[in-house]
Amino acid sequence: MEPLKSQSKQPGTLEKLAANSATPNSARSLRVTREGSTPGIPKPKPSTARSLFWIFTFLIATTASATVGTTLALITPLPGAVAPAEGRKLLGDLWKSGFQYQVARPVNILVMGIDRVLEAPAGSEAVFSGRSDTMLLLRVDPRDSTVNLLSIPRDTQVDIPGIGTTKINQANASGGPALARQVVGSTLNGISVDRYVRISTDAFRELVDLLGGIDIYVPEQMSYVDKTQKLKIDLAPGWQTLNGDKAEQFARFRHDSFGDIGRVQRQQALIKALRSKLSNPLMLPRIPGLITMMQKYIDTNLSAEEMLALVNLGLKLDKNDFKMVLLPGRFSAPDEFIASYWIMDPQGRDRVMQEYFKIGASDASSESASANLRIAVQNASSQPEAASQFVQYLNRLGYENVYPIQDWADQQSKTQIIVQKGDLQAAKLLQGALKFGSVEAASTGDLDSDLTIRIGDDWLNQSQVKSKQ
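Please read all numbers here as calculations on a predicted model, not as lab measurements.

The rules behind each value
- Residues numbered from 1 in each chain as written.
- Predicted model: local features only at pLDDT ≥ 70, side-chain atom pairs only at ≥ 80, totals over all residues.
- Heavy atoms only, no water.
- Pairing = 2+ DSSP bridges.
- Helix = DSSP H or I, 4+ residues; strand = E, 2+ residues; numbered from the N terminus.
- Axes fitted to C-alpha atoms, helices over the stretch in contact; angles between N-to-C directions.
- Contact = heavy atoms within 4.5 Å.
- 1 Å grid on protein atoms, 1.4 Å probe; cavity = no way out; pocket = protein on both sides within 12 Å on 5 of 7 lines; lining within 4 Å.
- Points joined across faces, edges and corners; volume = space filled by probe spheres on them.
- Nonpolar A, V, L, I, M, F, W, Y, C, P; charged D, E, K, R; others polar.
- Buried < 20%, exposed > 50% of the residue type's maximum accessible area, 1.4 Å probe, protein only.
- Arc of directions from axis to C-beta.

**A closer look at the sheet that holds strand β20 (residues 416–418)**
The pairing of strands in a sheet happens through backbone hydrogen bonds and is either parallel or antiparallel.
Here comes step 1: Across the sheet, which stays open at both edges, the five strands sit in the order β19-β18-β22-β20-β21 with mixed pairing between neighbours. The sheet is open, and its two borders are formed by β19 (402–404) and β21 (438–440), each paired with just one other strand. Averaged over all adjacent pairs, the angle separating strand axes in this sheet is 25°, with direction ignored.
Here comes step 2: Summarising the sheet, strand β18 (residues 375–379) and β19 pair through three bridges and their orientation is parallel. Residue pairing in the sheet places I375 in a bridge with V402 of β19.
Here comes step 3: Relative to β18, helix α10 (residues 386–396) is tilted by about 150°, and along the sheet it contacts β18, β19 and β22 (451–455).
Here comes step 4: Contacting β18, β20, β21 and β22, helix α11 (residues 424–434) crosses the sheet at an angle of about 40° to β22.

Next up, the structure:
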């Protein structure tokens, strides 16, 4: 990709030149404009606390992953471009300017957390040459101020040019970000991948430690040794504050029945935990140190202006404007292939690409019909029989393919409708039928379900009302 350049012929506008037409992202250029050039549009003046929350909320969404989890990639200048002192000055200028840069069209960004390359010298380009332990594709849309995040399992079966059928995590190791973007684009219905961010493993541990740890619910005992990454994993179940080392253990654990997909679910849990941590305005004084720290861990083709524009968009986000989804699929059978794969579901992919990335035509007749939905019911309330009662209630509402799963040990007050396979339309229809509960745009429920209902104590009041009717 040729360097991104600013055009000085048009004051107030930064036009990003598109890459060579042979590259996968050549369809459109990334346009960034400055606020203030249009009369009558005031500059935003968000409060410090709100600014901090949404800057980090957006940046976490853009760069967080199970093994890297960094939040500052998009406000850190290109590696080597800005010295630490200049980075602090940039932040100060950015804050005073009111975040004037704006994204002018939807942008797709591929974020890759790179496996530790043990033989790579610290600080060298070689640290980014490993397999992608994590792949996240984000769509940033300024038209409706939304950010959608697609988790692509590292074991997803794909065809890589020159290699053949293998796991998608091999793309970066074989051909760097250019090949990774090409493979992601061809796998996901020809989507244009505009930019990339690669983050080395060590960033995550340092980030969490600088934040003073993050609060995570560990659902089960996690114990084993990851010899390939020289990591001992030993975590007890329950709520706890994890330092950088233990947070990486939580992220990398895969010795359960869910394997790589369990790791993807923990990625999304980590993103939520980091968002919660960074909503605290007491994090503000740590920003300059985080900027300085992050430079050595990031490789990206985003320009400084583009980073600032993305931050500006992040300021405008509401919590409901950020959605996460897992690439729909299934585990390969033990005797199906030599290696174990995540086999993508083409129909599920098409739905996700249309609903979350605006690629392809809408199919309103698909899985949103109540009779076809697979709904898992998980009790997280204080009432032992809530799951069975809820199953019966859903049956009366016309939902037939409903089944209870193991209780969620962490009791919660509010019921969640978890959009496991990305069908937001079906989730909203169900919410309308229930008349309570919140839609959780994530994939942290039962893997076999279309929707997972995690019952909270608010169901107790609902069930009492229903019984009197």
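**Considerations on empty space enclosed by the protein**
Here comes step 1: Under the defined criterion, the tally for this structure stands at one cavity of 30 Å³ or more.
Here comes step 2: Its volume calculated, the largest cavity comes out at about 60 Å³.
Here comes step 3: Lining the largest cavity are L326, P328, G329, W342, Q420, K421 and L447.
Here comes step 4: Here the lining of the largest cavity is built from residues that sort into four nonpolar, two polar and one charged.

**Considering α11**
Here comes step 1: For α11, the set of buried residues is L424, A426, A427, L430 and L434. The arc enclosing the buried residues of α11, seen along the axis, measures out at 160°, which places them on a common side.
Here comes step 2: Directly after α11, the chain includes K435, whose backbone phi takes a positive value near 65°.

Read these as geometric descriptors, not functional statements.
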